[in-house]
Amino acid sequence: MQVLENGLFHVEINELGAELTSIRSKTTGTEYVWQADPAVWKRHAPILFPIVGRLKDKTYTVDGKAYEITQHGFGRDLEWQARRVSDTCAEFVLEPNDDTKKMYPWDFVCTVRYTLDGASLKKEHITENRSGTPMYYEVGGHDAYNLCWQDGEQITDYYVAFEGTDALCRIVTDENVMLTRERVSVPLADGRLPITRDLFANDAVMTEGLPVRRAVIGCTKNSRTVTMDFADFDYFAVWSAYKAFDVPYVCLEPWSTLPDGSYLDHAIEHKEGVRVLQPGQSETLSFTTTIQE
């Protein structure tokens, strides 16, 4: 476990999956990251790499050759090599091995860099193609934040706010949670999407075309906020587990790419938003979370 720390927050990141596991306030003692109750959802903030979401028939093809890969990719389930940069910065590196090559044929280096700056935590995803052919990849966040920061609150006191719009363009999925071409409008109240259990009855609220790529978790009963800025990511989802009881967390999920669609074939290059790197090319996609107490 790598620890980042300043005068405001104590942050922990697990080398397994390079996963953020804790952001704890030194002022209020509040833990903002979901603590992975296995009875509800066993993860904290997994990194989605090299795919996002489910695959049609659990398969994709490269030049006609079929590959199977786990949902959201293997990045969240592997050990990353950690390198401490400073008290407030650490990097985690993932490279291919024999097992990943069976699922994903390219040579790559994926580096995730966490930097704690005041009340903000920046997460940079740096992906490099070390293969001799164009490399298709996807990357995304799945960061779960606790709700009910103060005594006496309920999840229905919370919302996710979006700037510059009075409705979300929600991407409709089918019974297998595959994308469809259908879009529906989800009205917002003063820019706010209220958090309720039934909101996630059909899985995540996936959206595109946001005029401002920023989402804010807020509460009607206190003035604290958790703000995520994700200018590098074209797609965004809000999710929580749909259970028979209220679940006290919500995930903010910036995605480079959408999950697979029922109307698509299996070719990875046809996925909505999939990114491509030429041999030797690299790029960085980042998002930043800021906590205001």
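### Here's the deal with the overall build of the protein
Counting its regular elements, the protein contains one helix and 22 strands. Over its C-alpha trace the protein gives a radius of gyration of 19 Å, about what one expects of a compact globule, namely 19 Å for 293 residues. Within the protein, buried positions represent 54% of all 293 residues. Of the contacts made within the protein by residues no fewer than 6 positions apart, 64% connect residues no fewer than 24 positions apart. A total accessible area of about 12,300 Å² is found for the protein, and carbon and sulfur atoms account for 44% of it. Treating the 29 positive side-chain charges of the protein as one cloud and the 45 negative ones as another, the clouds have centres 1 Å apart.

### Some words on the sheet that holds strand β6 (residues 81-86)
Reading across the sheet, the nine strands line up as β6-β7-β8-β9-β22-β18-β17-β12-β15 and stay open at both edges, with antiparallel pairing between neighbours. Each having just a single partner strand, β6 and β15 (192-194) make up the two edges of the open sheet. Each strand axis lies, on average, 20 degrees off the axis of its neighbour in the sheet, ignoring direction. Examined bridge by bridge, strand β18 (residues 225-229) and strand β22 (residues 282-292) share five bridges and lie antiparallel to one another. Across the sheet, the residue bridging to D229 is T288, located in β22.

### What about the packing of aromatic side chains?
Given two aromatic rings, their pairing is described by the distance between the two centres and the angle made by the two planes. Under the definition given, this model contains 20 aromatic pairs. Measuring from centroid to centroid gives 5.9 Å for Y104 and F108, while their planes differ by 70 degrees, and the two rings are edge-to-face. Since its relative accessible area comes to 0%, Y104 is described here as buried. Site record: aromatic cluster; members linked through ring pairs are F49, F74, Y104, W106, F108, Y136 and Y137.

### Side note on unusual backbone geometry
Residue F49 is joined to P50 through a cis peptide bond whose omega torsion reads 5 degrees. Here P50 shows up in the loop between β3 (19-25) and β4 (59-62). Unlike most non-glycine residues, D63 shows phi in positive territory, near 55 degrees. Along the chain, D63 falls in the loop between β4 and β5 (65-68). Note on D63: relative accessible area 79%, which makes it exposed. You will see that V177, though not glycine, has its phi angle at about 55 degrees, which is positive.

### Section: the sheet that holds strand β2 (residues 9-14)
Strand order across the open sheet formed by three strands is β1-β2-β3, with antiparallel pairing between neighbours. Single-partner strands in this sheet number two, and they are β1 (2-5) and β3. When strand polarity is set aside, the average angle formed by the axes of neighbouring strands in this sheet is 20 degrees. Bridge analysis of β1 against β2 gives four bridges, and the strand direction is antiparallel.

### Looking at the side chain of S131
Looking at the element boundaries, S131 is found in the loop between β9 (120-129) and β10 (135-137). Among the polar contacts made by the side chain of S131, one reaches the main-chain amide nitrogen of D107 at a distance of 2.6 Å. If we ignore the near neighbours within four places in the chain, the residues touching S131 are W106, D107, P279 and G280.

### Observations regarding the pattern of salt bridges
Going through the model one piece at a time under the given rule, you end up with 20 salt bridges. Across the pair E95 and R130 runs a salt bridge whose closest N-O atoms are separated by 3.7 Å. Within this pair, whereas E95 is found in the loop between β7 (89-94) and α1 (98-103), its partner R130 is found in the loop between β9 and β10, the two being separated by 35 residues in sequence. Overall, the relative accessible area of 40% leaves E95 in the partly exposed class. Close ionic contact of D198 with R197 constitutes a salt bridge, the shortest N to O distance being 3.8 Å.

### Side note on the nonpolar core
In this structure, L20, I23, Y114, Y145, F162, I217 and F236 are the most contacted members of the largest nonpolar core, which totals 68 residues. A total of five residues in this core trace back to one element, the largest contributor, which is strand β8 (residues 108-117). What I23 contacts, discounting residues up to four positions off in sequence, is F9, H10, V11, T30, E31, Y32, V33, L121, Y145 and I291. Ranked by size, the runner-up nonpolar core spans 19 residues in total, among them L179, M206, V247 and Y249.

### Quick notes on the pairing of β9
Counting buried positions along β9 yields eight of ten residues, so the element is predominantly enclosed. With ten bridges joining them, β8 and β9 adopt antiparallel strand pairing. From the neighbouring strand, D117 faces β9, where its bridge partner is S120. Connecting β8 to the antiparallel partner β9 that follows it, the hairpin turn spans two residues, and G118 within it adopts a positive phi of roughly 65 degrees. When β9 meets β22, the two strands line up antiparallel, connected through nine bridges. Following the sheet pairing, I126 is matched in β22 by T284.

Cut-off values and rules
- Throughout this document, residue positions are counted from 1 along each chain, in the order its sequence is written.
- In keeping with the model being predicted, local features are shown solely for residues with a pLDDT of at least 70 and side-chain atom pairs are shown and tallied solely at 80 or more, while totals for entire chains, interfaces and linings include all residues.
- In computing side-chain values, all of the structure's heavy atoms are included and hydrogens and water are not.
- Numbering goes from the N terminus for both helices and strands, where a helix is a DSSP run of H or I of at least four residues and a strand is a run of E of at least two.
- Here the globule rule reads 2.2 Å times residues to the power 0.38, and the radius of gyration is calculated from C-alpha atoms.
- We call a residue buried when its accessible area falls under 20% of the maximum for its residue type, exposed when it is over 50%, and partly exposed in between, using a 1.4 Å probe and counting protein chains only.
- In what follows, residue pairs with any heavy atoms lying within 4.5 Å of each other are defined as contacts.
- With residues, only the protein chains shown are counted as cover, and all accessible areas are computed by Shrake-Rupley using a 1.4 Å probe.
- His is not counted, nor are the chain ends; Lys and Arg add positive charge and Asp and Glu add negative charge.
- By convention, charge coordinates are those of NZ in Lys, CZ in Arg, CG in Asp, or CD in Glu.
- We call two strands paired when DSSP finds no fewer than two bridges between them.
- Note on definitions: angles span 0 to 180 degrees between N-to-C directions of axes, and those axes are lines fitted to C-alpha atoms, for helices only across the stretch in contact.
- Stacked, tilted and edge-to-face are the three classes applied to pairs of Phe, Tyr and Trp rings, where Trp contributes its six-membered ring and a pair requires centres within 6.5 Å; stacked means planes under 30 degrees apart, edge-to-face means over 60, and tilted covers the rest.
- N or O atoms within 3.5 Å of each other form a polar contact, as long as, within protein, one can give a hydrogen and the other can take it, and as long as residues adjacent in sequence are counted only when both atoms are side-chain atoms.
- Salt bridges are defined as contacts in which a side-chain nitrogen from Lys or Arg sits within 4 Å of a carboxyl oxygen from Asp or Glu.
- Put simply, buried Ala, Val, Leu, Ile, Met, Phe, Trp, Tyr and Cys residues joined by side-chain atoms within 4.5 Å make one nonpolar core.

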